[in-house]
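Examination of the molecular architecture
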Amino acid sequence: MLHFDLDWQQLRGVADELQASEKQFKSALSRACNRTAATLRKMSGRGLKDELQLRTLGIMRKRLKSIRLRTRQQGVVLWYGLNDLPVSSFKGRAKQTSDGATFRDQKFDGAFVGRSTVKGKRTVFKRAGKARLPITEQLMPIKDKAEIFIEDEIFTQVEDIFWKHFERDLRARVKFIDTSDRWA
């Protein structure tokens, strides 16, 4: 989970400098939080797809959620689902070996390579028991690699993205109100 705190003194300082009303301040803050969360979700999805070498972006989109905080202090928390993913979600080719199967230098003992009925891609299966069926698709871990990417690439940009959205929105709100007052 990615959580960032806001410096309320700085936020108020920018609002006072621009002579923004309380309503404009709250509206700009809310919108900046939502836009920051959306921007981070996009960056995370695209970045993790490339970093983990996934076939499609949809796999990561399902695992990125933003949660709005409804307390005295507004904010957004990003939640990342970092559970293991099926082998068929990744780019690459599974290979059958004499003692199992391999995929990207990871060995699956007692497994075999077959086509997934869901995705139609070659993947690694393993029998659940001694019988022919049921079989289960094998999973690959993503947590370590994803956490490193999130901390190094995404988390470092949170404040810059938020401030860019907040200042731009607040300036637009103040300018819009000022120009409409002049024409009235």
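To be clear, the structure that these remarks concern was listed above.
We now turn to the structure provided with this report. (Residues numbered from 1 in each chain as written. Predicted model: local features only at pLDDT ≥ 70, side-chain atom pairs only at ≥ 80, totals over all residues. Heavy atoms only, no water.)

Looking at the layout of surface pockets
Space inside the largest pocket adds up to approximately 160 Å³. Lining of the largest pocket is provided by L52, F90, R104, M140, P141, I142, K143, D144 and K145. Counting residues per element, the lining of the largest pocket draws most heavily on helix 4 (residues 143–154), which supplies three residues. Each residue belonging to the lining of the largest pocket can be placed in one class, and the counts come to five nonpolar, no polar and four charged. (1 Å grid on protein atoms, 1.4 Å probe; cavity = no way out; pocket = protein on both sides within 12 Å on 5 of 7 lines; lining within 4 Å. Points joined across faces, edges and corners; volume = space filled by probe spheres on them. Helix = DSSP H or I, 4+ residues; strand = E, 2+ residues; numbered from the N terminus. Nonpolar A, V, L, I, M, F, W, Y, C, P; charged D, E, K, R; others polar.)

With respect to the side chain of R63
You can see R63 is positioned in the loop between helix 3 (58–61) and strand 2 (64–70). The side chain of R63 is buried and forms no salt bridge, while D84, the nearest opposite charge, is found at 7.4 Å. A distance of 3.0 Å separates the side chain of R63 from the backbone oxygen of N83, its partner in a polar contact. Not counting residues up to four positions away in its chain, the partners in contact with R63 are W79, Y80, G81, L82, N83, D84, L85 and I142. (Buried < 20%, exposed > 50% of the residue type's maximum accessible area, 1.4 Å probe, protein only. Lys, Arg positive; Asp, Glu negative; His and termini not counted. Salt bridge = Lys/Arg side-chain N within 4 Å of Asp/Glu carboxyl O. Polar contact = N/O pair within 3.5 Å; in protein donor to acceptor, adjacent residues only side chain to side chain. Contact = heavy atoms within 4.5 Å.)

Section: helix 2 (residues 22–52)
The terminal C-alpha atoms of helix 2, which comprises 31 residues, lie 44 Å apart, in line with the 45 Å expected from a rise of 1.5 Å per residue. Among the residues trailing helix 2, Q53 stands out with phi positive, at a value near 55°. (Expected span 1.5 Å × (residues − 1).)

Brief notes about the packing of helix 2 against helix 4
Packed helices, taken two at a time, are described by their axes: the angle between them and the distance between them. Helix 4 packs onto helix 2 with a crossing angle of 130° between their chain directions and a minimal axis gap of 10 Å. Accordingly, the angle class assigned to the pair helix 2 and helix 4 is oblique. As helix 2 runs across helix 4, the sense of the crossing is right-handed. Together, L40, M43, S44, G47, L48, E51 and L52 of helix 2 and K145, A146, F149, I150 and I154 of helix 4 make up the contact between the two elements. Partitioned by chemical class, the residues of the contact of helix 2 with helix 4 number eight nonpolar, two polar and two charged. (Axes fitted to C-alpha atoms, helices over the stretch in contact; angles between N-to-C directions. Parallel < 35°, antiparallel > 145°, perpendicular 65-115°, else oblique. Left-handed = near helix turned anticlockwise from the far one by under 90°.)

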